[in-house]
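Results of the structural survey
Listed below are the residues making up each chain.
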Amino acid sequence: MALDIYEDSLFGQILPLDWDDESVSGVILLVDGEEEFIIEHDDNGKDLMDHVDRWVTVEGVVTEEDDELRIKVRNYTLEDELDYESDEDW
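Rules behind the numbers
- Residues numbered from 1 in each chain as written.
- Predicted model: local features only at pLDDT ≥ 70, side-chain atom pairs only at ≥ 80, totals over all residues.
- Heavy atoms only, no water.
- Core = buried A, V, L, I, M, F, W, Y, C linked by side-chain atoms within 4.5 Å.
- Buried < 20%, exposed > 50% of the residue type's maximum accessible area, 1.4 Å probe, protein only.
- Helix = DSSP H or I, 4+ residues; strand = E, 2+ residues; numbered from the N terminus.
- Polar contact = N/O pair within 3.5 Å; in protein donor to acceptor, adjacent residues only side chain to side chain.
- Contact = heavy atoms within 4.5 Å.
- Salt bridge = Lys/Arg side-chain N within 4 Å of Asp/Glu carboxyl O.

**With respect to the nonpolar core**
- By size, the foremost hydrophobic cluster in this structure holds 15 residues, and its most contacted members are L10, I14, L29, F37, I39, L48 and I71.
- Mapped onto this core, the elements with two or more residues apiece are strand 1 (3–20), strand 2 (23–31), strand 3 (35–39), strand 4 (55–65) and strand 5 (68–78).

**Regarding the side chain of T57**
- Along the chain, T57 falls in strand 4.
- Within the structure, the side chain of T57 is placed 2.8 Å from the side chain of E79, a separation counted as a polar contact.
- The residues touching T57, leaving out its near neighbours within four places in the chain, are S9, L10, F11, N75, Y76, T77 and E79.

**Brief notes about the pattern of salt bridges**
- Enumeration over the complete set of coordinates arrives at 4 salt bridges.
- We note a salt bridge from E40 to R70, for which the minimum N-O separation is 3.5 Å. Pair noted here: E40 is in the loop between strand 3 and helix 1 (43–48) and R70 is in strand 5, with a separation of 30 residues, a long-range link.
- Residue classification places E40 among the partly exposed positions, given a relative accessible area of 27%.
- Judged by relative accessible area, which is 27%, R70 ranks as partly exposed.
- What you see here is one network of salt bridges that share partners, running through E40, E68 and R70.

Laid out in structure tokens, this is it:
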């Protein structure tokens, strides 16, 4: 039973992990279309539940235990925001 804990910055897509009736109650970060990091259910993790299907860069503490990857999010940046204030920005 190996346990690795380290800080990392990951880029991926937020996807639902658990559902409570028709609302999302847990999320994962899908990285490179294959690695799934379960997002800890603290304040930042709860905030990410509002961003399902969005692309983000997440910084935090990763815990690897056997076949499970978890991340405690310290901060995140939404990467697919389109903010065009004028026609010149197109």
